[in-house]
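Given next are the chains, with one letter for each unit.
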Amino acid sequence: MNNDFKDIVFNRRSVRVFDENYKIPRDEMLQIIKETTEAPSSVNLQPWRFVVVESQEGKDKLRPLIEFNISQNDTSSAMIIIFGDMKCYEKTEEIYGRAVEKGLMTEEEKKKMVDLIMPAYTGATRQKMNDIVKIDSSLAAMQMQLVARAHGYETCLIGGFEEDVIAEEFGLDKERYVPVTIVAIGKGNEDASDSVRLEPEEVTRFE
Ligand SMILES: Cc1cc2nc3c(=O)[nH]c(=O)nc-3n(C[C@H](O)[C@H](O)[C@H](O)COP(=O)(O)O)c2cc1C
């Protein structure tokens, strides 16, 4: 494990070629996902859902859907498709129930939260829900990139894919599960090129 915060954050670069012979063990993959889901989310509803595409069959299914990102698909340990669950509110009771069990809130406080969340979420427009689940899931994607580095892996975030068909191709209801991004993950096998950033003054306004 790498515990060097500066190295993890500031030496992260998008890696597009991985060691194709290396597969991340299942228990470590689940640990990476566990650490990823420590990310914050709106009213803690955790709308992210992960499909870990690691088999040859899965990679073959993904290949025609990922445009110019073939090397990531073919060499990574896994392509982790992150979907946002538009019905994430169905887990409100469960999540807040666990908070009560853990002694983090009373039954009464839980009820108050559930009564606030449910009408807001079930009454939200599709556009609003889409924004919520994409913001939350994007935070998870970022966290996953950093968690991966702590485990000694590299990543490339992929936005270039066929977003209209990817859910159905992987057996999910496309109205419910909106694709957010794909995280290619594996042992890096190239020196990723450096990248540039705008200066803080160029992207910031103080008022
Ligand atoms: C939402 C999003 C989508 C991206 N999509 C792709 C992609 O489809 N293919 C790719 O090779 N890189 C993709 N990237 C990686 C960016 O090109 C990369 O982060 C950027 O050029 C900065 O380089 P760095 O990550 O090495 O610092 C994406 C990044 C983000 C945040």
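Just so we're clear, the structure is a prediction, and the values are computed from it rather than from any experiment. (Residues numbered from 1 in each chain as written. Predicted model: local features only at pLDDT ≥ 70, side-chain atom pairs only at ≥ 80, totals over all residues. Heavy atoms only, no water.)

Undergrad: Quick one: what's the story with the sheet that holds strand E3 (residues 154–158), residue by residue and with numbers?
TA: What links the strands of a sheet is backbone hydrogen bonding, and the strands pair in either a parallel or an antiparallel sense. Ordered by their spatial adjacency, four strands build an open sheet running E1-E2-E4-E3, and the pairing between neighbours is antiparallel. Every other strand in the sheet has two partners, leaving strand E1 (48–53) and E3 as the edge strands with one partner each. Strand-to-strand twist in this sheet, taken as the mean axis angle between neighbours without regard to direction, amounts to 25 degrees. Alignment of E1 against strand E2 (residues 78–85), held across six bridges, turns out to be antiparallel. (Pairing = 2+ DSSP bridges. Helix = DSSP H or I, 4+ residues; strand = E, 2+ residues; numbered from the N terminus. Axes fitted to C-alpha atoms, helices over the stretch in contact; angles between N-to-C directions.)

Undergrad: Tell me what's going on with the packing of helix H5 (residues 92–101) against helix H6 (residues 107–122), and back it up with residues and numbers.
TA: Put simply, H5 and H6 touch, their axes get as near as 10 Å, and they point 160 degrees apart. Relative to H6, H5 is oriented roughly antiparallel. Where H5 crosses over H6, the handedness of that crossing is right-handed. Note on element contacts: H6 touches H5 through Glu107, Lys110, Met113, Val114, Ile117 and Met118, opposite Thr92, Glu93, Tyr96, Gly97 and Val100. (Parallel < 35°, antiparallel > 145°, perpendicular 65-115°, else oblique. Left-handed = near helix turned anticlockwise from the far one by under 90°. Contact = heavy atoms within 4.5 Å.)

Undergrad: Could you give an account of the side chain of Asn69, with specific residues and numbers?
TA: Following the sequence through the fold, Asn69 ends up in the loop between helix H3 (56–62) and helix H4 (70–75). We classify Asn69 as buried; its relative accessible area is 6%. Looking at Asn69, its side chain comes within polar contact range of the main-chain oxygen of Gly160, at 3.1 Å. Once residues lying within four places of it in the same chain are set aside, the contact partners of Asn69 are Ile158 and Gly160. (Buried < 20%, exposed > 50% of the residue type's maximum accessible area, 1.4 Å probe, protein only. Polar contact = N/O pair within 3.5 Å; in protein donor to acceptor, adjacent residues only side chain to side chain.)

Undergrad: For the packing of helix H2 (residues 26–36) against helix H7 (residues 126–150), give the residues involved together with the corresponding values.
TA: Their axes nearest at 8 Å, the elements H2 and H7 cross at an angle of 130 degrees. In terms of axis orientation, H2 runs oblique to H7. In terms of crossing hand, the pair formed by H2 and H7 is right-handed. Side by side, H2 and H7 meet where Ile32, Ile33, Glu35 and Thr36 of the first sit next to Ala140, Gln143, Met144 and Val147 of the second.

Undergrad: An account of the pattern of salt bridges is needed here, citing residue identities and associated values.
TA: All told, the structure shown has 15 salt bridges when counted by the stated rule. A salt bridge links Asp194 to Arg13; the shortest N-O distance between them is 3.2 Å. Here Asp194, found in the loop between strand E4 (177–186) and helix H9 (200–203), pairs with Arg13, found in the loop between helix H1 (5–10) and H2; they are 181 residues apart in sequence, far enough to count as distant. For the salt bridge of Asp85 with Arg176, the shortest nitrogen-to-oxygen distance reads 2.8 Å. Here the residue Asp85 occupies a position in strand E2, and Arg176 occupies one in the loop between helix H8 (166–169) and E4, the gap between them amounting to 91 residues. Just as Asp85 is buried, Arg176 falls in that class too. Overlapping salt bridges, with partners in common, bring together Arg49, Asp85, Glu90 and Arg176 in one network. (Salt bridge = Lys/Arg side-chain N within 4 Å of Asp/Glu carboxyl O.)

Undergrad: Lay out H6 in plain terms, naming residues and giving numbers.
TA: Given a rise of 1.5 Å per residue, 16 residues ought to cover 22 Å, and the 22 Å separating the end C-alpha atoms of H6 matches this to within 8%. Within the sequence span of H6, burial applies to Lys110, Val114, Ile117 and Tyr121. Along the axis of H6, the buried positions cluster into a sector of 80 degrees, meaning they face one direction only. Summarising the geometry of H6, the exposed residues directed more than 90 degrees from the buried face are Glu108, Lys111, Lys112 and Leu116. Against the buried residues of H6 lie H5 and H7. (Expected span 1.5 Å × (residues − 1). Arc of directions from axis to C-beta.)

Undergrad: I'd love a proper account of the side chain of Asp85, names of residues and values included.
TA: Judged by its relative accessible area of 1%, Asp85 is buried. Here the side chain of Asp85 touches Arg176 through a polar contact of 2.8 Å, side chain to side chain. With residues up to four places along the chain from it excluded, the contact list for Asp85 reads Pro47, Arg49, Val133, Arg176 and Tyr177.

Undergrad: Break down the packing of aromatic side chains for me, citing the residues and quoting the values.
TA: Across all of its chains, the model carries one aromatic pair by this definition. Between Tyr22 and Tyr153 the ring centres are 5.8 Å apart and the planes differ by 35 degrees, which places this aromatic pair in the tilted class. Placement of Tyr22 in the loop between H1 and H2 and of Tyr153 in the loop between H7 and E3 is noted, with a sequence separation of 131 residues between them. Take Tyr153: its relative accessible area is 2%, and that puts it in the buried class. Directly above the aromatic system of Phe170 lies the positively charged group of Lys61, at a separation of 4.7 Å from the ring centroid. Sitting above the plane of the Tyr22 ring, Lys187 keeps its charged end 4.8 Å from the centroid. (Phe/Tyr/Trp six-rings, centres within 6.5 Å; stacked < 30°, edge-to-face > 60°. Lys NZ or Arg CZ within 6 Å of the ring centre and 35° of its normal.)

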